Amino acid sequence: MITTLRSETRKVAATGTIWWLLLTAAGIVALGTFLAVGLSDAEGDALLTDNQLRETMHGAAGGSILMAAVGVIGIAGEWRTGQINQTLMSTPRRWWVVTSKAGVYGALGVVYGVVASGIALVAAWGSYRAENLVFPFDSAAVWYSLLGVVLAAAVFGVLGVAVGALVRNPVIGVVVALGWFLLIEPILASASTTLGRWLPGEASTALTGFPNSDLHTPQTAGVLFAGIAVGLLILGAAKVQRADVTV
C-alpha cells in the first residue's frame, strides 16, 4: 500500500496539467475574495459581522471545484495514455489503486485548501484595508469557514477520482464533473431548495459555513458531502475491478 501511495504521489508531481489547474484555482480564489468584499452591500462595521466574514471567506472555496477536475485527470488520464494497464498489472489488488489515488488527491485537496485559505486571507486583508477596516484575523467565523474550505477541497479531490474511475475518459469526466456543479446542480437547487440542500455542491457550500438558512449545518453537510464522495468511490472502484487489462 505504501509503495502504491508513493507511486501515485510521483504521478501527481509529474502531471503538469494538474498544477496549471491548481494555479488557475488560486487565481479564482483571489478574485472571488476581492469581489466578495467589493460587491457586498455591507459597508463599514457591517463588513465585520460573522455572516459577512463567512461570505468573504467563502471566496477561498471558489476554486475548490477544480479539485474535482484534478481528481478526474489523475485516474481517467491513465486510461487515455494506456498507463492504467501497467498500473493495474503492477498492483493486482485494484481497490488499492483506487483508494491510493483517492488518498493522494484528497491530501492534495488539503494542501490546496490551505494555500487557498492563505491567499483568501491576504486578499481579504487588502480588501478590508481599502475600506479603512482592520481585518479580524482572530475571528472564529473566519477560521471555521477556512477549515470548511480545506475539508471541502479534500472531498472534491476524492470525488474527482470517483468520477474518473466511473467514466474513465478525462475529457468526458471533467465535463461531467464541472457541468454538474456549475450548471445542472444550480438549476436543480434553484428549482427546489428542499432538494438542493441534499446535493453535493450545496453541501460543500454549507460545509464552509456560508450563511444560508436553506442549507444544512456545516457538520451535517460535511457528513453528507463525504458520504456522497465515498459512495461514488465504491462504485468507481467496483467498475475498475471489472476492467479489462491488456499487456
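Everything below is about the structure shown above.
Here the structure is a predicted model, which means the values were calculated and not measured.

Trainee: How should I be thinking about the environment of Ala237 in this particular structure?
Mentor: Counting through the fold element by element, Ala237 comes out in helix α11 (residues 218-241). Spatially, the C-alpha atom of Ala237 lies 5.9 Å from that of Val98, the residues being 139 residues apart in sequence. Excluding residues that lie within four positions of it along the chain, Ala237 makes contacts with Trp95 and Val98.

Trainee: Where do I start with a nonpolar patch on the surface in this structure?
Mentor: Taken together, the side chains of Trp95, Trp96, Val230 and Ile234 present a nonpolar region at the surface, about 370 Å² in accessible area. When residues of the nonpolar patch are traced back to their parent elements, those giving at least two are α6 (94-130) and α11. Relative to the assigned elements, Val230 resides in helix α11.

Trainee: In this structure, what is going on with the layout of surface pockets? I would like to understand it.
Mentor: Space left empty within the atom packing is revealed by a probe, the size of a water molecule, rolled over the atoms. As a volume, the largest pocket reaches approximately 380 Å³. What lines the largest pocket is a set of 20 residues, among which His58, Ile65, Gly201, Ser204 and Thr205 lie closest to the centre. Broken down by secondary-structure element, the contributors of at least two residues to the lining of the largest pocket are α7 (140-167), α8 (170-191) and α10 (200-207). Of the residues in the lining of the largest pocket, the class split is 8 nonpolar, 9 polar and 3 charged.

Trainee: It is not clear to me how the nonpolar core should be interpreted in this structure. Could you clarify?
Mentor: General note: in soluble globular proteins, nonpolar side chains tend to be found buried as a group. In this structure, Met67, Val70, Leu108, Tyr112, Phe135 and Phe225 are the most contacted members of the largest nonpolar core, which totals 68 residues. No other element matches the 13 residues that α7 contributes to this core.

Trainee: What exactly am I supposed to notice about the environment of Glu185 here?
Mentor: Locating Glu185 in the fold gives a position in helix α8. C-alpha of Glu185 to C-alpha of Ala130: the two residues are 55 residues apart in sequence and 35 Å apart in space. Excluding residues within four positions of it along the chain, Glu185 makes contact with Trp180, Leu199, Pro200, Gly201 and Glu202.

Trainee: Help me out: how do you make sense of α11 in this one?
Mentor: Residues lying three or four places apart along an α-helix face the same way, a consequence of the helix completing one turn every 3.6 residues. Over its 24 residues, α11 extends 34 Å from the first C-alpha to the last, a length consistent with the 34 Å expected when each residue adds 1.5 Å. Three or more residues of α11 are buried, namely Ala221, Gly222, Leu224, Phe225, Ala229, Leu233, Gly236, Ala237 and Val240. Structurally, α11 contributes buried residues whose contacts are with α4 (66-81), α5 (83-90), α6, α7 and α10.

Trainee: How should I be thinking about unusual backbone geometry in this particular structure?
Mentor: Glycine aside, negative phi is the norm for most residues, and most peptide bonds take the trans geometry. Of note, Asn132 is a non-glycine position whose phi angle comes to about 60°, a positive value. You can see Asn132 is positioned in the loop between α6 and α7. You will see that Arg168, though not glycine, has its phi angle at about 65°, which is positive. Locating Arg168 in the fold gives a position in the loop between α7 and α8. On the basis of relative accessible area, Arg168 is assigned to the partly exposed category, the value being 26%.

Trainee: For this particular structure, what's the right way to read the pattern of salt bridges?
Mentor: Side-chain pairing between opposite charges can occur once the charged atoms of the two side chains come close. Overall, the coordinates contain 1 salt bridge when judged by the stated rule. Taking the shortest distance from any N to any O, the salt bridge between Glu78 and Lys101 comes out at 2.4 Å. Taken together, the residues span a long stretch of sequence, with Glu78 in helix α4 and Lys101 in helix α6 at a distance of 23 residues. The class for Lys101 is buried, based on a relative accessible area of 1%.

About the cut-offs
- The numbers attached to residues start from 1 for each chain and follow its sequence in the written order.
- Residue-level local features of this predicted model are given only where pLDDT is at least 70; pairs of side-chain atoms are given and counted only at 80 or more, and the full residue set underlies all totals for whole chains, interfaces and linings.
- Based on all heavy atoms of the structure, the side-chain values leave hydrogens and waters out of the count.
- Segments assigned H or I by DSSP are reported as helices when at least four residues long, segments assigned E as strands when at least two residues long, and all are numbered from the N terminus.
- We call two residues in contact when some of their heavy atoms are within 4.5 Å.
- Patch definition: residues with relative accessible area over 30% and no salt bridge; like charges joined within 9 Å; nonpolar side chains (Val, Leu, Ile, Met, Phe, Trp, Tyr) joined within 5 Å.
- Here the open area of atoms and residues is found with the Shrake-Rupley method and a 1.4 Å probe, where only the protein chains shown may cover a residue.
- Should a side-chain nitrogen of Lys or Arg be within 4 Å of a carboxyl oxygen of Asp or Glu, the pair is scored as a salt bridge.
- Cavity means a closed set of points on a 1 Å grid over the protein atoms alone, one where a 1.4 Å probe fits but cannot get out, pocket means an open set with protein on both sides within 12 Å along at least 5 of 7 lines, and lining means a residue has an atom within 4 Å of a point.
- Grid points are joined across faces, edges and corners, and a volume is the space filled by probe spheres set on the points.
- Charged residues are taken to be Asp, Glu, Lys and Arg, nonpolar residues to be Ala, Val, Leu, Ile, Met, Phe, Trp, Tyr, Cys and Pro, and polar residues to be all remaining types, Gly included.
- Nonpolar core, defined: a set of buried Ala, Val, Leu, Ile, Met, Phe, Trp, Tyr and Cys residues in which side-chain atoms within 4.5 Å join the residues together.
- Between buried and exposed lies partly exposed: a residue is buried under 20% and exposed over 50% of the maximum accessible area for its type, with that area taken using a 1.4 Å probe on protein chains only.
- Helices are assigned an expected span. That span is 1.5 Å times one less than the residue count.

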